[in-house]
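Structural description and commentary
Here is what each chain is made of, one letter per residue.
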Amino acid sequence: MTVPLSVLDLAPIAPDETPREALAHSVDLARAAERSGYTRVWYAEHHNMARIASSATSVLIAHVAAHTSSIRLGAGGVMLPNHSPLTIAEQFGTLASLHPGRIDLGLGRAPGGDRAVFVALRREPSSSDAFPQDVLELQAYLGEETRVHGVEAVPGKGTEVPLYILGSSLFGAQLAAQLGLPYAFASHFAPAALEQAIAVYREGFQPSAQLSSPYLIVAANAFAAASTAEAQEQFAAARRSRVRMMMKRGPSTPEYSDGEIDAFLASPQGAQLADMMRVTGVGTGAEVRAWLDDLAVQTGADEIITAHGALTPAARVASVELTAAG
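Residues numbered from 1 in each chain as written. Predicted model: local features only at pLDDT ≥ 70, side-chain atom pairs only at ≥ 80, totals over all residues. Heavy atoms only, no water.

The geometry of helix H11 (residues 285-299) relative to helix H12 (residues 313-325) is characterised by a closest axis approach of 7 Å and an angle of 65° between their N-to-C directions. Classified by the angle their axes make, H11 and H12 are roughly perpendicular. In this structure, H11 crosses over H12, and the sense of that crossing is right-handed. Along its contact with H11, which presents Gly 285, Val 288, Arg 289 and Leu 292, the element H12 presents Leu 322, Thr 323 and Ala 324. Here the residues of the contact of H11 with H12 sort into 4 nonpolar, 2 polar and 1 charged. (Axes fitted to C-alpha atoms, helices over the stretch in contact; angles between N-to-C directions. Helix = DSSP H or I, 4+ residues; strand = E, 2+ residues; numbered from the N terminus. Parallel < 35°, antiparallel > 145°, perpendicular 65-115°, else oblique. Left-handed = near helix turned anticlockwise from the far one by under 90°. Contact = heavy atoms within 4.5 Å. Nonpolar A, V, L, I, M, F, W, Y, C, P; charged D, E, K, R; others polar.)

Laid out in C-alpha cells, this is it:
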C-alpha cells in the first residue's frame, strides 16, 4: 500500500529570519510538494506566536497558489470562531474563483491563540459554542442557497469549496460524521484520542452532498534525511525547540541545555510533552514512507498529512522530497 500524502506548513520563522523570508520558504516547500506528487498543502491559522507566519491563512494561500500551478492548497485550518462565516466564504470564494479546483477549506473550533488574542480579535471564548451552526452557514454561502435571508457571498456562491473538519477530540469527529464531511485528526501534536475519534467518525458518518462515505486524514510528523542518524538528530533538535518554546515564560526563563531538556522529556513530568510527538516518522525517505504506510494501515486513513518539522528550510524541503520518493 502507498497512501496519498499531503503537507501541513506553519510557515515557521527561524530565530535569524524575517517573516518575509519564512513566507518565501513556504513557497519553496509548496513547489517541492507539487514536484513530488503530494495531494495538497495546508496552512494553519495561529496568532500571537513569534515563530509562526501563517496567521493570515487565506492571504498565504493566495500567494502560494500564484507561485504554483496544480497542487491543491487550503487551510488546515481556519479557526472559525475567530471569524464570521460570511468573511471566510468571501475569502475562499475569491480563492476558488482565482484558482478553480485547487482550494480546500479545513475548519477548526480552537481559537488559535490565548485569551488575549480573543480580545484583540473582538471575539469571546463562547464563540466556539456556535461552531456547528457557523459551519452550516459557511457551507451554504459556498453553495447555492444561503441560510441568511438576503445575504450571499460574492465571490463564494456556487463555488462549492470542499469543507473539512479538523479536530483533536471526539467533538470534531462527531460533527464531521453528522455533517457528512471529511475529517482530519491532529495526531501530529495531540494523538491521545486518535483511535477513539476514528471509531466515532466512522460509526456515526451520515452521507452528504459533498461526501458519500467517510474520508479520514491523519496528521503525522515526518523527519526524512539522507541517513537515519541525521534524521534522528533533526527530530531531537526540533523536539527540544518545541519544549523550549512551551516552557518559555518571559525573559526570566532559564536557558536550558540540550541535556536538561532531554532529561526532562525522559522524566515522568515530561512524559506528556514527549507523547505529543509520538506520531512521528524518522529515518531515510524509504523508512519514513514505509512508516507512514503502516500508519495508514493501522488507522485506515485515506490520506496522511505530513508536518515536516526540521529546523532549517533546506532540511524541510529535503524531507518532503525524500519522503515522497520513498
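By secondary structure assignment, the location of Leu 170 is in helix H6 (residues 170-179). In this structure Leu 170 comes out as partly exposed when scored by relative accessible area, which is 24%. Once the C-alpha coordinates of Leu 170 and Ile 88 are considered, the two residues, 82 residues apart in sequence, prove to be 25 Å apart. Other than its neighbours up to four places away in sequence, Leu 170 contacts Gln 196, Ala 197 and Val 200. (Buried < 20%, exposed > 50% of the residue type's maximum accessible area, 1.4 Å probe, protein only.)

Okay, helix H8 (residues 228-247) next. The end-to-end C-alpha separation of H8 is 29 Å, in line with the 28 Å expected for 20 residues at 1.5 Å each. Every buried residue of H8 is listed here: Ala 231, Gln 234, Phe 235, Ala 238, Arg 240 and Val 243. Where H8 is buried, its residues contact strand S7 (216-224), helix H9 (258-266), helix H10 (271-276), strand S8 (280-283) and H12. (Expected span 1.5 Å × (residues − 1).)

On to unusual backbone geometry. The omega torsion across Gly 76 and Gly 77 is 5°, close enough to zero to call that bond cis. Its identity is not glycine, yet Arg 122 carries a phi of approximately 60°, on the positive side. Tracing the backbone through its elements, the reader meets Arg 122 in the loop between helix H4 (115-120) and helix H5 (131-142).

Working note: a packed helix pair is described by the angle between its axes plus the distance between those axes. Between H5 and H6, the shortest axis-to-axis distance is 11 Å and the interhelical angle comes to 35°. The two elements H5 and H6 cross, and the hand of that crossing is right-handed. Here Phe 131, Pro 132, Val 135 and Leu 136 of H5 come into contact with H6, specifically with Phe 171, Leu 175 and Leu 179. Looking at the contact of H5 with H6 residue by residue, the classes come out as 7 nonpolar, no polar and no charged.

On to the pairing of S7, then. With 9 of 9 residues buried, S7 is to be regarded as a mostly interior element. In S7, alternate side chains face the same way, and those of Leu 216, Val 218, Ala 220, Ala 222 and Ala 224 on one face and Ile 217, Ala 219, Asn 221 and Phe 223 on the other are all buried. Direction of pairing for S7 relative to strand S9 (residues 303-308): parallel, over a ladder of 6 bridges. Opposite Val 218, over in S9, you have Ile 304 as the bridge partner. The sheet contact formed by S7 and S8 spans 4 bridges and is parallel. By the bridge assignment, Asn 221 is partnered in S8 with Thr 280. (Pairing = 2+ DSSP bridges.)

This part covers the nonpolar core. Judged by nonpolar contacts, the single largest core of 70 residues is most densely connected at Phe 92, Leu 105, Leu 107, Val 135, Tyr 183 and Ile 304. In terms of residues, this core owes the most to one element, helix H1 (residues 19-36), which gives 6 residues. Discounting residues that sit within four places of it in the chain, Ile 304 has contacts with Val 3, Pro 4, Leu 5, Ser 6, Val 218, Ala 220, Leu 292, Leu 295 and Ala 296. Of all hydrophobic cores here, the second largest spans 9 residues; its members include Ala 44, Tyr 164, Ile 217 and Ala 219. (Core = buried A, V, L, I, M, F, W, Y, C linked by side-chain atoms within 4.5 Å.)

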